[in-house]
Amino acid sequence: MNWTPDSWRTFEALQQPLWPEQDQLDRVEKTLSTVPPLVFAGETRDLRQRLAKVSRGEAFLLQAGDCAESFDGFNADQIRDKLKVILQMAVVLTYSSGVPAIKVGRIAGQFAKPRSNPTETVDGTELPSFLGHMVNDLPFSDADRRPNPERLLHAYNQSASTLNLLRAFTKGGFADLHRVNTWNSEFVAQSPSGQRYAQLGDEITRALRFMEAAGISSHHPEIHEADFFTSHEALILQYEEALTRKDSLTGDWYNCSAHMVWIGERTRKLDGAHVEFFRGIHNPIGCKIGPTATPDEVVALCDALDPDRSPGRLTLISRMGHQGVAEGLPPLLKAVRESGHPVVWACDPMHGNTFTADSGHKTRDFEHVVAEVAGFFSAHKEAGTHPGGIHVEVTGDDVTECVGGASVVETTDLSKRYETMCDPRLNASQGIELAFRVAELLQ
Ligand code: PEP
Ligand code: CO
């Protein structure tokens with residue numbers, strides 16, 4: 001198919017930094033092309049098979065994590081707390097829906113951000129926008145905003161150490177279902193969704209005890225370990241290319257920077273560099289679909305990204321906004337269904353629902369998030385297609401970035417703990433509450 005890991009270079013790549021030092025970038029790319037892979041081809045094939053189940057309605061995708069990971073304050077507790085909330089959301093979804101929740105983190109590589117404007121002007125000074133810690137830094141100074149290729153190496157190293165800990169937590173006993181009640185953080189335990197979660201945890205604990213008493217062995221890896229996959233928006237193509245390796249078993253190319261990677265709303269141009277790069281890697285991939293996408297365009301993306309119509313290969317992540325979903329999504333579902341592409345449809349109820357609060361903070365309203373998911377479910381019901389999953393920005397911390405939820409965050413609370421590097425995330429209680437609301441829709 002005339003593809004090589006670097007064939008994207010002859011296409012227009014949107015949202016790329018203006019790297020000041022070409023030599024330095026070349027050196028970094030060379031280093032990255034020899035470092036060990038972060039994930040293995042076999043693991044990505046495993047995720048692809050699970051996503052094939054999602055496309056048939058036999059499993060549900062939970063993709064969740066930071067809008068942008070940070071190099072600052074990187075520590076083990078933060079990784080553990082993010083993992084906890086994702087495990088909790090997955091338990092709620094699995095228990096209520098009766099189908100497995102496939103856990104994919106926006107983690108261990110989610111360091112690059114596309115922006116609406118390439119530059120930012122403050123008091124008459126214009127500087128490059130913050131593009132994520134893989135590229136530059138957040139403070140508004142010339143030095144901080146200057147793209148620095150060394151950051152690509154830092155991103156790789158932090159991803160490696162994050163993944164190392166995730167593998168230890170998920171395979172080393174922490175994610176054992178017998179410990180379901182220890183995943184509630186202190187502040188979550190006091191919230192209404194945390195209390196609801198604790199009840200569900202008790203039910204699971206009783207069920208496990210009953211099984212053991214009845215002589216049914218609970219010594220299954222499914223009970224003692226969790227399967228957890230990583231993902232990020234593959235935006236900076238030099239980084240993604242350098243970590244793309246040929247699998248010795250199949251001879252196919254895999255992007256070994258994450259199990260799953262996705263194309264953002266701003267870079268999904270059919271004749272652009274991102275689509276070119278993605279079409280050749282064999283990972284399961286995602287593509288964001290926003291309100292301006294036309295049915296023809298979406299089918300053309302499916303043709304380009306999944307010409308073989310292979311279930312599990314392509315996840316379309318719709319992000320229409322709570323007001324746009326009822327009108328915007330049905331024509332796309334119909335066109336894709338009629339085209340015969342067996343895609344997974346997931347709902348990102350975050351990126352179409354961002355607004356600026358009176359306090360000046362960029363925020364999202366919890367009820368808008370739920371409303372978009374509800375609209376997503378009704379559109380699928382109408383179309384006879386599967387609502388395959390959700391894609392959300394959530395953190396394990398007790399932040400105040402999105403308003404609403406049962407332990408209400410008010411606009412006046414936003415300044416208390418507004419810590420995101422980029423978009424407002426649900427805090428852990430809001431995340432678990434969302435899982436309960438989605439579970440009700442799934443039933
Ligand atoms: C994101 O997922 O953080 C993002 C930028 O989304 P989108 O490409 O849908 O705007
Ligand atoms: Co975001």
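Quick look at the coordination of the cobalt ion (ligand 2) now. Distances from the cobalt ion (ligand 2) to its protein donors, namely C67 (SG), H351 (NE2), E393 (OE) and D423 (OD), fall within the range 2.1 to 2.4 Å. Positions of the donor residues of the cobalt ion (ligand 2), expressed as sequence spacing, correspond to C-x283-H-x41-E-x29-D. Linking C67 in the loop between β1 (60–65) and α3 (76–97) with E393 in strand β14 (residues 389–393), this pair joins segments that are 326 residues apart in sequence. Of the two residues, C67 and E393, both sit in the buried class.

Glancing now at helix α1 (residues 22–32). Of the residues making up α1, those classed as buried are Q24, L25, V28, E29 and L32. Looking down the long axis of α1, one finds its buried residues gathered within 135 degrees of arc, a one-sided arrangement. Exposed residues lying more than 90 degrees from the buried face of α1 are D23, R27 and K30. Where α1 is buried, its residues touch α5 (150–171), α9 (237–242) and β6 (244–246).

The next thing to look at is the layout of surface pockets. Take a probe with the size of a water molecule and roll it over the atoms, and the empty space left behind shows itself. Estimates place the volume of the largest pocket at around 830 Å³. Taken together, 29 residues line the largest pocket, and the ones lying closest to its centre are T94, K103, L177, E222 and E225. Those elements that place two or more of their residues in the lining of the largest pocket are α2 (41–55), α3, β2 (101–106), α7 (192–213) and α8 (221–224). Take the lining of the largest pocket: its biggest share by element is five residues, from α3.

Around ligand 1 sit C67, R106, K113, P114, W262, G264, E265, R266, K288, R319, H351 and E393, and those are all the residues in its vicinity. Within the side chain of R319, an N or O atom sits 2.6 Å from an oxygen atom of ligand 1. At 2.9 Å, a side-chain N or O of H351 approaches an oxygen atom of ligand 1. Burial of ligand 1 by the protein amounts to 98% of the accessible area it has alone, namely 290 Å². According to the grid-proximity analysis, the pocket containing ligand 1 is the second largest pocket. Each residue belonging to the shell around ligand 1 can be placed in one class, and the counts come to three nonpolar, two polar and seven charged.

Bringing the packing of α7 against helix α14 (residues 428–442) into the picture now. One can describe the packing of α7 onto α14 by two numbers: an axis separation of 8 Å at closest approach and a directional angle of 60 degrees. One way to sum up the angle between α7 and α14 is to call them oblique. As for the relative orientation of α7 and α14, their crossing is left-handed in sense. Counted together, S193, R196, Y197 and L200 of α7 and S429, I432, E433, F436 and E440 of α14 form the full contact between these two elements. Taken together, the residues of the contact of α7 with α14 break down into four nonpolar, two polar and three charged.

What counts and how
Residues numbered from 1 in each chain as written. Chains lettered and ligands numbered in written order. Predicted model: local features only at pLDDT ≥ 70, side-chain atom pairs only at ≥ 80, totals over all residues. Heavy atoms only, no water. Donors = N, O, S within 2.8 Å, 3.2 Å for Na, K, Ca; no water. Helix = DSSP H or I, 4+ residues; strand = E, 2+ residues; numbered from the N terminus. Buried < 20%, exposed > 50% of the residue type's maximum accessible area, 1.4 Å probe, protein only. Arc of directions from axis to C-beta. Contact = heavy atoms within 4.5 Å. 1 Å grid on protein atoms, 1.4 Å probe; cavity = no way out; pocket = protein on both sides within 12 Å on 5 of 7 lines; lining within 4 Å. Points joined across faces, edges and corners; volume = space filled by probe spheres on them. Near = heavy atom within 4 Å. Polar contact = N/O pair within 3.5 Å; in protein donor to acceptor, adjacent residues only side chain to side chain. Areas by Shrake-Rupley, 256 points an atom, 1.4 Å probe, with all protein chains shown as cover. Sits in = over half its atoms within 2 Å of the grid points. Nonpolar A, V, L, I, M, F, W, Y, C, P; charged D, E, K, R; others polar. Axes fitted to C-alpha atoms, helices over the stretch in contact; angles between N-to-C directions. Parallel < 35°, antiparallel > 145°, perpendicular 65-115°, else oblique. Left-handed = near helix turned anticlockwise from the far one by under 90°.

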